[in-house]
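Structural characterization, general
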Amino acid sequence: MPEKIKKVKAADILAFAAKHKNKIHFEITDDEDLYPILGSVPVEVDSDTHKCSLSSGYFYYRENDCKDSISFGSCEFEILGVHFSTPYDSHDSFSTDGNEIDYGEMDEDEFWEELQNLIDIPLYDCFDDAYEFDADSVSNMDLVYAMECEYSVFAIDKDGSVCAFDDESEIPGYKSGEDTEYKIIDRDKAFRILAERDGPGLDFDLG
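Notes on the structure in this doc start here. (Residues numbered from 1 in each chain as written. Predicted model: local features only at pLDDT ≥ 70, side-chain atom pairs only at ≥ 80, totals over all residues. Heavy atoms only, no water.)

Our next topic: the sheet that holds strand E7 (residues 74-79). Read from one edge to the other, the open sheet built from four strands follows the order E2-E7-E8-E9, with strand pairing classed as antiparallel. Where the open sheet ends on each side, the last strands, each with one partner, are strand E2 (27-29) and strand E9 (95-98). Across the sheet, the mean angle from the axis of one strand to that of its neighbour is 30 degrees, orientation sign disregarded. This element, helix H2 (residues 108-118), spans E7 and strand E8 (82-87) of the sheet and lies at about 85 degrees to E8. (Pairing = 2+ DSSP bridges. Helix = DSSP H or I, 4+ residues; strand = E, 2+ residues; numbered from the N terminus. Axes fitted to C-alpha atoms, helices over the stretch in contact; angles between N-to-C directions. Contact = heavy atoms within 4.5 Å.)

With that settled, the discussion passes to the nonpolar core. Phe-84 and Leu-115 are the most contacted members of the largest nonpolar core, which totals 50 residues. Counting six residues, the second largest nonpolar core, distinct from the first, contains Ala-155, Cys-163, Phe-165 and Ile-171. (Core = buried A, V, L, I, M, F, W, Y, C linked by side-chain atoms within 4.5 Å. Buried < 20%, exposed > 50% of the residue type's maximum accessible area, 1.4 Å probe, protein only.)

Our next topic: the side chain of Ser-85. Along the polypeptide, Ser-85 turns up in strand E8. On the basis of relative accessible area, Ser-85 is assigned to the buried category, the value being 18%. Those residues in contact with Ser-85 that lie beyond four places of it in its chain are Ser-74, Cys-75, Glu-76, Ser-93, Phe-94 and Ser-95.

A few words now on the environment of Pro-172. Inspection of the secondary structure puts Pro-172 in the loop between strand E13 (162-165) and strand E14 (183-185). Assessed through its relative accessible area of 41%, Pro-172 is described here as partly exposed. In this structure, the C-alpha to C-alpha distance between Pro-172 and Tyr-182, residues ten residues apart in sequence, is 7.9 Å. Among residues more than four places away in sequence, those in contact with Pro-172 are Phe-165, Thr-180 and Tyr-182.

Given a rise of 1.5 Å per residue, twelve residues ought to cover 16 Å, and the 16 Å separating the end C-alpha atoms of helix H4 (residues 187-198) matches this to within 8%. Among the residues of H4, those classed as buried are Ala-190, Phe-191, Leu-194, Ala-195 and Asp-198. Each buried residue of H4 sits inside an arc of 135 degrees when the element is viewed along its axis, so together they form one side. In this structure, the buried residues of H4 make contact with strand E5 (52-53), helix H3 (140-146), strand E11 (147-148), strand E12 (153-156), E13 and E14. For H4, the side-chain oxygen to backbone nitrogen distance between the N-cap and Asp-188 is 3.3 Å, and the N-cap itself is Asp-186. (Expected span 1.5 Å × (residues − 1). Arc of directions from axis to C-beta. Polar contact = N/O pair within 3.5 Å; in protein donor to acceptor, adjacent residues only side chain to side chain.)

A cluster of acidic residues, Asp-107, Glu-108, Asp-109, Glu-110, Glu-113 and Glu-114, forms a negative patch at the surface. Structurally, the position occupied by Glu-108 is in helix H2. Taking relative accessible area as the criterion, Glu-108 reaches 38% and is therefore assigned partly exposed. (Patch = residues over 30% accessible without salt bridge, like charges linked within 9 Å, V, L, I, M, F, W, Y side chains within 5 Å. Areas by Shrake-Rupley, 256 points an atom, 1.4 Å probe, with all protein chains shown as cover. Salt bridge = Lys/Arg side-chain N within 4 Å of Asp/Glu carboxyl O. Lys, Arg positive; Asp, Glu negative; His and termini not counted. Charge placed at Lys NZ, Arg CZ, Asp CG, Glu CD.)

Written as structure tokens, this is what we have:
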């Protein structure tokens, strides 16, 4: 049997908030877009030896990407059976579910303003600890997908190092059908080797 909906006086909600404001539980929902994500990992190529390396990666917040439609999620809480939901990035509006509010002679906007003055509703902050970039969560495949390199040909040299070239003619000793100390590999394999070799302990900067 569904729970019976009751009407709760706005004044009673405000009184409860004033008395129990430190005990109200807040839940943040649908905030997946707020977590920082890996943006790019530049492949550095030595101009003399052509050897490749990774020294840093860059992450970004989706809110700074004008190409995406960002959902900031909601902040939800309950008082006397009334379920409140307000945008996490701004508390300029709210919706309710569960028990209904009897505003009486009080204006809805006035009620909401007074409620916000009584309780400290969490507000999104990208520099909150909850939304810091977690380098430990970056996998080798994440690095592979994020790597960027201006060179198109990759090879392994005699020491097992990954090298990059503009084209095959740049590879020392390379001629069609002729042996060379370099073994050409595809881009994906080159990036996988770099991720496994240089990925652990890689620094990530906001950029």
